[in-house]
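Residues per chain, in single letters:
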Amino acid sequence: MPIKLGEASYKERIQSGIENDFMRGAVSSAQGRFRSGRLKAAEELGNWEDWRTRGEEIRTHTLENIDFYLQQLSDEVSKRGGKVFFAETAEEANEYINNVVKEKEAKKVVKSKSMVTEEIGLNEALEEAGSEVIETDLGEWILQMDEDPPSHIVTPALHKNKEQIRETFASKKGYKNSDMPEELATFAREQLRKEFLSADVGITGCNFAVTESGAITFVTNEGNARLVTSLPDTQISVMGMERLAPTWEDMEVLVSLLTRAAVGQKLTSYVTAITGTRLEDEVDGPEEYHLVIVDNGRSKILGTEFQSALHCIRCAACINVCPVYRHVGGHSYNSVYPGPIGAVLTPLLDGYDDHKELPYASTLCAACTDACPVKIPLHEQLIRHREIIVEREKKSPKSEQMMMEGFAQWASHPAAYKLSARMARTSLKPWTKDEIIKNGPGPLKGWTDVRDFPAPSKQSFRSWFKSRQKKERGQ
Amino acid sequence: MKVSLFITCLCDIISSDVGKDTVEVLEKLGCEVDFPEQQTCCGQPAYNSGYLSKSKEAMKQMMKAFKDSEYVVGPSGSCVAMLHEYPQIFKGDPDWEEEANKLAAKSYEFTQFIVDVLGRVDVGSNFKGIVTYHSSCHMTRLLGVKDAPKKLLEQVEGIQLRELPLCEDCCGFGGTFAVKNPEISEQMVKEKTEHIMETEAEYVIGGDMGCLMNIGGKLSRDNRDVKVMHISQVLNS
């Protein structure tokens, strides 16, 4: 599956999200936990704002020097026996990985959680070529069985509860026990352990690539990335080209921000780092290691007003505070990247044609911008998208264009404005009853479909002020 | 102190009482309030919808209107935050950059002005009732005005303040969002009004008529017995 998840229209997706009471309950309670966790972790750290500033500095510096750091990463990985492949497109990345799998005559591939492989549709590409692919992150494994896309970038199965998971395990894997989380997890562990032991190739994503030493690092709570990178003889890591940390010190800052911003943890249970293949004087490591660095539209973002969107460290803090996400859920965004960061990134990576509603799926409340650990001005970037949709792509509705033309005339001509202020009450009179409008005309309809609109004041403020001045002067 | 009132189009046309109370409170605090008649709308509806060039026409009108003002004070965090965006919008524009910087530097939200410029927290008001306060997103996050309204409300005699659960969450107004995405907006304002009902307050107070019109409209649609008031109305009691 590429970035876009399906063909349903925006309104259909929103509606089905809103009607899914169960999903909304699950999302709301998860958001509550993540939000309070983040705030508590930030408070414990003491100087959260300084950390955010440092995180922003690191990301800004890295992206401004991305050529240098990519080269350094490539050199270091090669020195340690790894092969590096730069993929300009999703297809190039998938083809390279498929070739590695084919050469190894591999039957089974185990994967740890990776958003970039969702973005490029790697699983489908591998399966089409005849490989068996097993997701080993618990959430991803559940979704894989259900053929359901992730709805969140950190906790992909956020929209499911334990009863549904039990059902999935029972129907797909013959599970016979209860829906107690401990029993479900034990079952998953037993099942997945067999997969790890029989896999030929391990594929991981990458949280941060430490360029000074060519190390690819992962943060997980289940330890599955550790098994994926320990057992199979052939290893492949896939990373978006921006996921670089120049030094271990930088990586430490970014991981500290990531785990706290994501779920309020000081540190995840596992932080794993791997470097290339088993070299002559080493006792462990894979026989073969490949690093696939994916562009897939990212380099087009460099140097634009959206460059800081590439600072994203995929913590989902913006998603966890977003009230729009809370009510419509991740699938409504129709992108592997949902929520505010998804609304910013998706049109950049996959164009406006299929995603032109996303930048408007926000009240611009800026909760996302406030929560972002690397200070991406998300709500401002949503406005930039809207400007492009309106002024460059000319994709805004005709009726809206006319209304805004009228707005500009109205707001730049005080006489016209004053007249409208005087006429507002009278012109809305046919729809007004007891000082309330319940069934507004034209653009008011969207408003009054869900709430009342007050009748305009009997006297505009400016007219009141003027008559008051006259009285004071005794006129 | 001379203050020019930035009324905001919503208060001018829809809720003019808020403007009257704003003027009276400022006068009570010793300000001389004038009203530049050339002012219209700050441009936010067009700007936030992506109509940058259209919004600039409104913004230029506002810069002209307040050219000679010493202080510009408005009863809306969101609209004042818009004025504060002007410098970024007109950066590099030889005709307007300086005006944009000047207007932003002298513009204040009503409660921010009272607390930060006039240095007052007790304005001598008296209001009996159980109230809860909704902190509007643009006022808190864009303008950075978090404490001023609460400091002022705490000093009002007779008032009983109740904390609003998840008070920092958006009410679902979002300007044109409310009409472009009414389905989502409805869910957001529903959640907001449910939290308001949980507090068992008689009044919900806010500093932005956009949010209050949204919250009030939903309360009224659901026949809830909670009144919506702008903070200037409470401070003028």
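Residues numbered from 1 in each chain as written. Chains lettered and ligands numbered in written order. Predicted model: local features only at pLDDT ≥ 70, side-chain atom pairs only at ≥ 80, totals over all residues. Heavy atoms only, no water.

### With respect to the domain arrangement of chain A
Parsing chain A into structural domains produces domain 1 (10-300) and domain 2 (398-472). Centre-to-centre, using C-alpha coordinates, domain 1 of chain A lies 52 Å away from domain 2 of chain A. (Domains from an automatic or database assignment.)

### Quick notes on unusual backbone geometry
All names here are of chain A. One non-glycine residue with positive phi stands out, namely A366, at about 70°. The topology assignment puts A366 in the loop between α16 (339-350) and α17 (367-371). Here A366 falls in the buried class, since its relative accessible area comes to 2%. Of note in the backbone geometry, D434 takes a positive phi value of approximately 50° without being a glycine. Along the chain, D434 turns up in the loop between β11 (432-433) and β12 (436-437). (Helix = DSSP H or I, 4+ residues; strand = E, 2+ residues; numbered from the N terminus. Buried < 20%, exposed > 50% of the residue type's maximum accessible area, 1.4 Å probe, protein only.)

### Quick look at the interface of chain A and chain B
Contacts between the two partners involve 69 residues from chain A, matched on the other side by 68 residues from chain B. In total, chain A and chain B occlude about 6000 Å² of area from one another, counting both sides; carbon and sulfur atoms represent 57% of this. Here chain A is connected to chain B by 13 salt bridges. The residue E191 of chain B makes a salt bridge to R326 of chain A at a minimum N-O spacing of 3.1 Å. For the pair chain A and chain B, the interface holds 40 residue pairs in polar contact (both at pLDDT 80 or more). For the side of chain A that touches chain B, the leading source of residues is helix α19 (residues 398-412) of chain A, giving nine residues. (Contact = heavy atoms within 4.5 Å. Buried area = accessible area lost by both parts, 1.4 Å probe. Salt bridge = Lys/Arg side-chain N within 4 Å of Asp/Glu carboxyl O. Polar contact = N/O pair within 3.5 Å; in protein donor to acceptor, adjacent residues only side chain to side chain.)

### Looking at the environment of S198 of chain A
All names here are of chain A. Its location among the elements puts S198 in helix α10 (residues 181-198). Sequence separation of S198 and A316 is 118 residues, and the distance between their C-alpha atoms is 33 Å. A distance of 3.0 Å separates the side chain of S198 from the side chain of K108, its partner in a polar contact.

### Some thoughts on the sheet that holds strand β13 (residues 453-454) of chain A
Residues and elements named next belong to chain A. With antiparallel pairing, the three strands of this open sheet are ordered in space as β11-β12-β13. Edge positions in the sheet fall to β11 and β13, since each of these pairs with one other strand and no more. As defined by bridge partners, β11 adjoins β12 across two bridges and the pair is classed as antiparallel. By the bridge assignment, T432 is partnered in β12 with I437. (Pairing = 2+ DSSP bridges.)

### With respect to the packing of aromatic side chains
For any pair of aromatic rings, geometry is given as the distance between the ring centres together with the angle between the planes. All told, the structure shown has 22 aromatic pairs over all chains when counted by the stated rule. Consider the rings of Y71 of chain B and Y108 of chain B, whose centres lie 6.0 Å apart with planes at 55°: the pair is tilted. Pair noted here: Y71 of chain B is in strand β3 (residues 71-74) and Y108 of chain B is in strand β4 (residues 107-109), with a separation of 37 residues, a long-range link. Among the aromatic residues, ring-to-ring pairing joins W141, F169, Y175 and F187 of chain A into one connected group. Seen from the ring of F34 of chain A, R33 of chain A lies directly overhead, with NZ or CZ sitting 5.9 Å from the centre. (Phe/Tyr/Trp six-rings, centres within 6.5 Å; stacked < 30°, edge-to-face > 60°. Lys NZ or Arg CZ within 6 Å of the ring centre and 35° of its normal.)

### As for the sheet that holds β3 of chain B
Residues and elements named next belong to chain B. The four strands are arranged β2-β1-β3-β4 in an open sheet whose pairing can be described as parallel. Each edge of the open sheet carries a strand with a single partner, namely β2 (32-34) and β4. Averaged over all adjacent pairs, the angle separating strand axes in this sheet is 35°, with direction ignored. Bridging between β3 and β4 involves three bridges; their strand directions are parallel. Bridge pairing links V73 to Y108 in β4. (Axes fitted to C-alpha atoms, helices over the stretch in contact; angles between N-to-C directions.)

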